[in-house]
Amino acid sequence: MRTVGIIMNGVTGRMGTNQHLIRSIFAIMEDGGIAMPDGELIMPAPLLVGRNPEKLQALSERTGGLPYTTDSYAALADPRFEIYFDAQTTDRRVPAVRKAIQAGKHVYCEKPTACSFQDSWSLYLEAIRAGVKHGVVQDKLWLPGILKLRALIEAGWFGRILSVRGEFGYWVFTGGDEAEGGDGHTPQRPSWNYRSQDGGGIAVDMLCHWRYLLDALFGGVKSVNCTLATHIPWRWDESGSPYAATADDAAYATFELGCGAIAQFNSSWCVRVRRDDLLTIQVDGTNGSAVAGLRDCWVQPLGATPRPVWNPDISSAIPYLDTWTRLPEEPTKNAFRAQWELFLKHVCGYGEFPWSLKAGALGVQLAECGIRSHKSATRVGVPDPPQ
Ligand SMILES: NC(=O)c1ccc[n+]([C@@H]2O[C@H](COP(=O)([O-])OP(=O)(O)OC[C@H]3O[C@@H](n4cnc5c(N)ncnc54)[C@H](O)[C@@H]3O)[C@@H](O)[C@H]2O)c1
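Residues numbered from 1 in each chain as written. Predicted model: local features only at pLDDT ≥ 70, side-chain atom pairs only at ≥ 80, totals over all residues.

Caption draft 1: Representation of the site of the ligand within the structure. Among the 20 residues in the neighbourhood of the ligand, the closest are listed as Gly13, Arg14, Met15, Glu110 and Pro190. The element contributing the most residues to the shell around the ligand is helix α1 (residues 14–30), with three residues. By residue class, the composition of the shell around the ligand is five nonpolar, eight polar and seven charged. (Near = placed C-beta within 6 Å. Helix = DSSP H or I, 4+ residues; strand = E, 2+ residues; numbered from the N terminus. Nonpolar A, V, L, I, M, F, W, Y, C, P; charged D, E, K, R; others polar.)

Have a look at this one:
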């Protein structure tokens with residue numbers, strides 16, 4: 001058995017607890033590790049790191065008594081831990097990952113890897129120079145719905161792909177009493193997401209995701225045209241105090257893709273969901289169309305494409321939603337866990353891991369190009385990465 005020590009920093013946060021610890025690392029441990037074909041068993045051994053000992057203790061109790069500490073420096077100095085993982089707030093990522101690289105740890109972290117392309121690229125170069133292994137979360141690539149969509153693309157099922165439409169978002173409650181101008185509901189996302197001075201903003205958050213999806217599925221991104229908005233200027237924080245929302249809460253972006261198609265992605269925390277899922281991606285091609293959600297994928301081949309007639313005086317004769325076929329369920333794994341397993345294998349010498357700090361930096365680059373497009377009200381070309 002190969003035990004792999006992992007420092008998990010930011011593990012008491014939303015992503016750290018739910019996706020990375022409970023549904024990934026702890027789930028792998030409960031399943032007895034990752035069995036390799038040569039008989040080796042990879043077993044993660046996490047150390048929970050944070051600021052608040054009470055929160056850490058509660059998390060440790062939920063996970064069978066995993067060790068925890070508030071001393072991240074001592075953790076980095078401990079040779080039992082090979083990997084440093086970071087799911088802290090975005091603005092803390094660069095200094096924390098940098099320290100881990102300097103301590104000789106392999107690093108794996110949430111996206112965005114930084115708030116600027118320059119910082120994210122520096123981090124990539126520092127990891128290369130230090131010779132450590134590195135990876136960045138690109139979870140959407142392992143969503144069951146996206147895996148099905150990808151299989152259709154790779155099989156050439158669409159014919160020529162013409163356009164891609166992504167819809168992401170849901171309503172994030174503002175908090176605050178109605179008498180004060182709030183919506184009277186507790187917010188379900190952290191307040192820093194809505195403050196640009198604290199690393200918030202939907203463009204930097206979501207365009208990172210769209211970058212790796214567009215790169216992997218549609219031959220990359222040549223340019224972006226983006227309009228940002230802060231639809232809701234005031235929100236209420238975790239302590240119930242009002243604050244000015246200084247960051248964008250919606251990003252409306254159009255991308256020119258490497259495959260020649262056009263993609264439009266709406267990302268918003270100010271929409272209500274009337275679609276199949278929190279993220280849907282529709283691909284239209286000459287031979288057929290598909291709509292992928294988080295888990296499912298629906299298809300409509302050319303031969304089953306209805307022939308609608310515009311007549312608003314009567315109800316539609318075609319039940320449009322019924323003209324799509326849902327692809328069969330397949331055995332699935334949590335997307336974060338799937339990527340964690342690949343990273344752990346990579347660290348132990350089994351397989352490559354292309355979802356690196358370089359790929360993470362390209363995500364930040366697209367976000368930066370999108371923000372520049374908004375500010376200049378122009379279409380912005382996405383440059384090739386520095387050599
Ligand atoms: N992959 C995805 O789909 C996805 C989704 C949401 C968020 N994220 C990213 O994950 C990261 C965490 O997001 P979250 O929603 O879990 O945020 P969160 O606010 O719930 O958690 C942040 C963590 O950072 C810690 N932290 C905050 N301020 C700190 C400080 N001053 N000193 C030390 N630690 C501090 C918190 O204690 C907490 O553990 C962000 O970078 C975010 O962009 C990724």
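Caption draft 2: Local environment of the nonpolar core. Ranked by size, the top nonpolar core spans 97 residues in total, and within it Ile7, Ala203 and Leu207 carry the most contacts. Here this core spans two domains, and each of domain 1 (2–140 + 336–351) and domain 2 (143–334 + 364–380) adds at least three residues to it. (Core = buried A, V, L, I, M, F, W, Y, C linked by C-beta atoms within 7 Å. Buried ≥ 20, exposed ≤ 12 C-beta atoms within 10 Å, placed from the backbone. Domains from an automatic or database assignment.)

Caption draft 3: Molecular detail of the domain arrangement of the protein. Here the protein is partitioned into domain 1 (2–140 + 336–351) and domain 2 (143–334 + 364–380). Domain 1 and domain 2 are separated by 28 Å when their C-alpha centres are compared. Opposite the 19 residues of domain 1 that make contact, domain 2 presents 18 residues. Elements represented by at least two residues in the side of domain 1 that touches domain 2 include exactly α1, α5 (117–130) and α8 (335–347). Tallied by class, the residues present in the side of domain 1 that touches domain 2 amount to six nonpolar, seven polar and six charged. (Contact = placed C-beta atoms within 7 Å.)

Caption draft 4: Structural detail: the sheet that holds strand β16 (residues 297–301). Spatially, β17-β16-β15-β14-β8-β13-β12-β9-β18 is the arrangement adopted by the nine strands of the open sheet, whose pairing is mixed. Since the sheet does not close on itself, it has two edges, and those belong to β17 (325–326) and β18 (380–381), each with one partner. Where β16 and β17 come together, two bridges link them in antiparallel fashion. By the bridge assignment for β17, Trp298 is matched with Arg326. Those strands touched by helix α6 (residues 144–154) are β14 (279–285), β15 (288–292) and β16, and its axis lies near 160 degrees from that of β15. (Pairing = 2+ DSSP bridges. Axes fitted to C-alpha atoms, helices over the stretch in contact; angles between N-to-C directions.)

Caption draft 5: Local environment of the pairing of strand β1 (residues 2–9). Bridge count for β1 against strand β3 (residues 41–49) is eight bridges, and the pairing is parallel. Each bridged residue has a counterpart across the sheet, and for Ile7 the counterpart in β3 is Leu47. Direction of pairing for β1 relative to strand β5 (residues 81–86): parallel, over a ladder of five bridges. Pairing of Ile7 across the sheet is with Tyr84, part of β5.

Caption draft 6: Layout of the pairing of strand β6 (residues 106–109). The alternating pattern of β6 places His106 and Tyr108 on one face and Val107 and Cys109 on the opposite face, and all of these are buried. On the question of chirality, the crossover connecting β5 to the parallel β6 by way of helix α4 (residues 93–102) is right-handed. Judged from the three bridges that link them, β6 and strand β7 (residues 134–136) form a sheet pairing that is parallel. Note on β7: the bridge partner recorded for Val107 is His134. In terms of handedness, the path from β6 via α5 over to β7 forms a crossover that is right-handed. (Right-handed = clockwise from strand over helix to strand, strands pointing away.)

Caption draft 7: Spatial organisation of α4. Those residues of α4 that sit buried are Arg93, Val94, Val97, Ala100 and Ile101. One side of α4 carries all its buried residues, which in axial view fall inside an arc of 130 degrees. Counted as exposed and oriented over 90 degrees from the buried face of α4: Pro95 and Gln102. For α4, the secondary structure elements touched by its buried residues are α3 (72–77), β5, β6 and α5. Once α4 finishes, Gly104 follows within two positions and takes phi at roughly 85 degrees, a positive value. (Arc of directions from axis to C-beta.)

Caption draft 8: Quick look at the packing of α1 against α8. Following both chains from N to C, one finds α1 and α8 inclined at 55 degrees, their axes separated by 9 Å at the closest point. With respect to each other, α1 and α8 are oriented oblique. Of the two elements, α1 crosses α8, and the hand of that crossing is right-handed. Judged by residue contacts, Gln19, His20, Arg23, Ser24, Ile25, Ala27 and Ile28 of α1 engage Phe336, Arg337, Trp340 and Glu341 from α8. Along the lines of polarity and charge, the residues of the contact of α1 with α8 split into five nonpolar, three polar and three charged. (Parallel < 35°, antiparallel > 145°, perpendicular 65-115°, else oblique. Left-handed = near helix turned anticlockwise from the far one by under 90°.)

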